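# Structural overview for review
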Amino acid sequence: MANCRFCRAKRFQYEPPTFCCHNGEVVLTSPSVPSSLRNLFTSQTVEALEFRSHIRADRAYNSIFNFTFFGVTLDKGLANSTGGA
């Protein structure tokens, strides 16, 4: 299966060609990763090795980074709604 010609995403066998970026209409950006975080994933320091050995097993580490790059616009009218619709 050829990669998407617009975003170069790897495609699955039966995935439609517009699934990833809708023929280039959707452009995803890669957020910059702070060097301190990048070092935890790439270096061989005691701290980095400890971090990587616990990143998936410890809920504390995992929870810290769950929504690091997640942005939300809160609709206060909807959030405060007491109706059931």
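These numbers come from a predicted model, not from an experiment.

A word on the environment of serine 43. Position of serine 43 relative to the elements: it lies in the loop between helix H1 (35-42) and helix H2 (46-54). Excluding residues that lie within four positions of it along the chain, serine 43 makes contacts with Ala48 and Arg52. Within polar-contact distance, the side chain of serine 43 engages the backbone oxygen of asparagine 39 at 2.7 Å.

Further remarks concern the confidence of the model for the chain. Summing up the model confidence of the chain, the mean pLDDT is 79 and the portion of residues at 70 or higher is 71%. The element-level mean pLDDT for the chain is lowest in helix H3 (residues 59-65), coming to 63, with H1 highest at 92.

Time to look at the packing of aromatic side chains. What the rule picks out here adds up to one aromatic pair. Seen from their ring centres, phenylalanine 41 and phenylalanine 51 are 5.2 Å apart, and the 90 degrees between their planes marks the pair as edge-to-face. In this pair, phenylalanine 41 sits in helix H1 while phenylalanine 51 sits in helix H2, placing the two residues 10 residues apart along the sequence. Judged by its relative accessible area of 44%, phenylalanine 41 falls in the partly exposed class.

Relative to each other, H1 and H2 sit at 75 degrees, their axes nearing to 7 Å. Between H1 and H2, the interaxial angle falls into the category roughly perpendicular. Contacts between H1 and H2 involve Leu37, Asn39, Leu40, Phe41 and Thr42 from the former and Glu47, Ala48, Phe51 and Arg52 from the latter. Here the contact of H1 with H2 is composed, by residue class, of five nonpolar, two polar and two charged.

Along the chain, glutamate 15 falls in the segment before H1. Buried within the structure, glutamate 15 lacks any salt-bridge partner; its nearest side chain of opposite charge belongs to arginine 11, at an N-O separation of 4.8 Å.

A word on the environment of alanine 9. By the secondary structure assignment, alanine 9 is in the segment before H1. Remark: the alpha-carbon pair of alanine 9 and cysteine 21, spanning 12 residues in sequence, is separated by 8.6 Å.

By the definition in use, this model includes zero disulfides. Unpaired in terms of disulfides, cysteine 20 finds its nearest cysteine sulfur in cysteine 7, a separation of 3.6 Å. Lacking any disulfide linkage, cysteine 21 is separated from the closest cysteine sulfur, that of cysteine 4, by 3.7 Å. Here cysteine 21 falls in the buried class, since its relative accessible area comes to 2%.

So, how was this worked out
- Residues numbered from 1 in each chain as written.
- Predicted model: local features only at pLDDT ≥ 70, side-chain atom pairs only at ≥ 80, totals over all residues.
- Heavy atoms only, no water.
- Helix = DSSP H or I, 4+ residues; strand = E, 2+ residues; numbered from the N terminus.
- Contact = heavy atoms within 4.5 Å.
- Polar contact = N/O pair within 3.5 Å; in protein donor to acceptor, adjacent residues only side chain to side chain.
- pLDDT = per-residue confidence, 0-100.
- Phe/Tyr/Trp six-rings, centres within 6.5 Å; stacked < 30°, edge-to-face > 60°.
- Buried < 20%, exposed > 50% of the residue type's maximum accessible area, 1.4 Å probe, protein only.
- Axes fitted to C-alpha atoms, helices over the stretch in contact; angles between N-to-C directions.
- Parallel < 35°, antiparallel > 145°, perpendicular 65-115°, else oblique.
- Nonpolar A, V, L, I, M, F, W, Y, C, P; charged D, E, K, R; others polar.
- Lys, Arg positive; Asp, Glu negative; His and termini not counted.
- Salt bridge = Lys/Arg side-chain N within 4 Å of Asp/Glu carboxyl O.
- Disulfide = S-S within 2.5 Å.

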